[in-house]
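Fold and geometry: a report
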Amino acid sequence: MYFVYILKSLKDNKHYVGLTSDISKRLEYHNKGRVRSTKSRRPFELIHTESFQYRMEARQREKFLKSYGGAKEKLSIIERLQN
């Protein structure tokens, strides 16, 4: 299984979208500063996951959520979680 996830930075309240096959290990990497792109924004909390059988499907979803077109859907997911 592969997972697309959304993290929320507890430092600046911004969000990060990523892809992994081991969600708990990946969250640990983010929070220990082992991911260069998020190192300065830790700590993080996991707020959303989506599971996929194939990596290619998960990668396509990750790319979409990171794209201009997917930003609206990402915000919709985040807003639903906050209510």
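So, a few notes on the structure that sits alongside this text. (Residues numbered from 1 in each chain as written. Predicted model: local features only at pLDDT ≥ 70, side-chain atom pairs only at ≥ 80, totals over all residues. Heavy atoms only, no water.)

1. Some points on the side chain of T38
Within the element layout of this structure, T38 appears in the loop between α1 (23-31) and β3 (44-52). Of the residues examined, T38 reaches a relative accessible area of 0% and is grouped as buried. Setting aside residues no more than four positions away along its own chain, T38 makes contact with Y16, H30 and F44. (Helix = DSSP H or I, 4+ residues; strand = E, 2+ residues; numbered from the N terminus. Buried < 20%, exposed > 50% of the residue type's maximum accessible area, 1.4 Å probe, protein only. Contact = heavy atoms within 4.5 Å.)

2. Things to note about the nonpolar core
Judged by nonpolar contacts, V4, I6, V17, L19, F52, A58, L65 and I77 together constitute the single largest core of 8 residues. Those elements giving two or more residues to this core turn out to be β1 (2-9), β2 (15-20) and α2 (55-66). Excluding anything up to four places from it in sequence, L19 contacts Y2, F3, V4, Y5, R55, A58, R59 and E62. (Core = buried A, V, L, I, M, F, W, Y, C linked by side-chain atoms within 4.5 Å.)

3. Side note on the environment of I78
One can find I78 in helix α3 (residues 71-82). Accessibility expressed as a relative area gives 5% for I78, which makes it buried. Sequence separation between I78 and G18 is 60 residues; the distance between their C-alpha atoms is 15 Å. Beyond its immediate chain neighbours, meaning those up to four positions away, I78 contacts H15 and I47.

4. Topic: the pairing of β2
Within β2, 5 of the 6 residues are buried, which leaves it mostly tucked inside the rest of the structure. Of the pairings in the sheet, the one linking β1 to β2 comprises 6 bridges and is antiparallel in character. Paired with F3 across the strands is T20, a residue of β2. Hairpin connection from β1 to β2: 5 residues lie between these consecutive antiparallel strands, with N13 at a positive phi of about 60 degrees. (Pairing = 2+ DSSP bridges.)

5. A look at the pairing of β1
Of the pairings in the sheet, the one linking β1 to β3 comprises 8 bridges and is antiparallel in character. The residue bridging V4 from the neighbouring strand is E50, located in β3.

6. Details of the sheet that holds β2
One open sheet holds the 3 strands; their spatial order is β2-β1-β3, and the pairing between them is antiparallel. Two strands close off the open sheet at either side, each with one partner strand: β2 and β3. Pairwise comparison of adjacent strand axes, ignoring direction, gives a mean angle of 20 degrees for this sheet. The strands touched by α3 within the sheet are β1, β2 and β3, with β3 carrying the most contacts at an inclination of about 120 degrees. (Axes fitted to C-alpha atoms, helices over the stretch in contact; angles between N-to-C directions.)

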